[in-house]
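# Tertiary structure, described
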Amino acid sequence: MEEIGLSWWLGQGVSLVALTLCLAGFASKRDDRLFVLLLFANVAFAAQFALFESWVAAGISALIVLRIALVRRFPRNLRLMLGMLLATLAVALLTWSGPRDIPALAAGLLGTWGMFMLRGIAMRAALAVAALCWVASNVLAGSIGGTLAESLIFVTNGVTIVRLRRDARLRYIHG
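### Some remarks on empty space enclosed by the protein
Taken as a whole and assessed by the stated rule, the structure comprises one cavity of 30 Å³ or more. Reported here for the largest cavity is a volume of approximately 190 Å³. Residue assignment for the lining of the largest cavity shows that the elements contributing at least two residues are α1 (6-27), α2 (31-51), α3 (55-73), α5 (102-117), α6 (120-141) and α7 (144-174). Looking at the lining of the largest cavity residue by residue, the classes come out as 13 nonpolar, two polar and two charged.

Shown next as structure tokens:
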């Protein structure tokens, strides 16, 4: 068994910061608040994956910071979305180490499409599937905190989807 070093402990600590930011974001019913908190959380995730030497996941997490900033300013911009998809593929190609990088790549591609092209419940559903891919990526990287973070993000996101559906039903009933 590998000796646990400082980078492992730092990676776990940084992932707990990301967890806190993501839970606060997905608990919000406001897309803008979600995007801002996810921006900061992905800085932490990029650092965490770098500490675990999971370079595809680190690179894609860093790209997600740019993606979130672009999505907030240019929602549903097909050209920017295609550019971000190509950038995600380029990062994966340049840092690829093997099949363990597939979940991070899938999460990056799905999250990019979901954030640019969808809103509300549909966006959160796409991000929930991306979160499951990130769970797998964190497991493969050896991140306990990251695995917990993405699992809780998935659950929190699901609860928020239910809350949004309930609110929509109540608006429909009460006009």
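### Section: the environment of Ser-61
Inspection of the secondary structure assignment puts Ser-61 in helix α3. Assessed through its relative accessible area of 1%, Ser-61 is described here as buried. Not counting chain neighbours up to four residues away, the residues in contact with Ser-61 comprise Asn-42, Phe-45, Ala-46, Phe-49 and Trp-134. A polar contact of 2.9 Å, which involves the side chain of Ser-61, links it to the backbone oxygen of Ala-57.

### A few points about a nonpolar patch on the surface
A surface patch of nonpolar side chains, amounting to about 330 Å² of accessible area, comprises Leu-132, Phe-154, Val-155 and Val-159. Examining the composition of the nonpolar patch, we find that three residues originate from one element, α7, more than from any other. Within the fold, Leu-132 resides in helix α6.

### Digging into the packing of aromatic side chains
All told, the structure shown has two aromatic pairs when counted by the stated rule. Where Trp-8 meets Trp-9, the ring centres are 4.7 Å apart and the plane angle is 90 degrees; that geometry is what we call edge-to-face.

Conventions and cut-offs
Residues numbered from 1 in each chain as written. Predicted model: local features only at pLDDT ≥ 70, side-chain atom pairs only at ≥ 80, totals over all residues. Heavy atoms only, no water. 1 Å grid on protein atoms, 1.4 Å probe; cavity = no way out; pocket = protein on both sides within 12 Å on 5 of 7 lines; lining within 4 Å. Points joined across faces, edges and corners; volume = space filled by probe spheres on them. Helix = DSSP H or I, 4+ residues; strand = E, 2+ residues; numbered from the N terminus. Nonpolar A, V, L, I, M, F, W, Y, C, P; charged D, E, K, R; others polar. Buried < 20%, exposed > 50% of the residue type's maximum accessible area, 1.4 Å probe, protein only. Contact = heavy atoms within 4.5 Å. Polar contact = N/O pair within 3.5 Å; in protein donor to acceptor, adjacent residues only side chain to side chain. Patch = residues over 30% accessible without salt bridge, like charges linked within 9 Å, V, L, I, M, F, W, Y side chains within 5 Å. Areas by Shrake-Rupley, 256 points an atom, 1.4 Å probe, with all protein chains shown as cover. Salt bridge = Lys/Arg side-chain N within 4 Å of Asp/Glu carboxyl O. Phe/Tyr/Trp six-rings, centres within 6.5 Å; stacked < 30°, edge-to-face > 60°.

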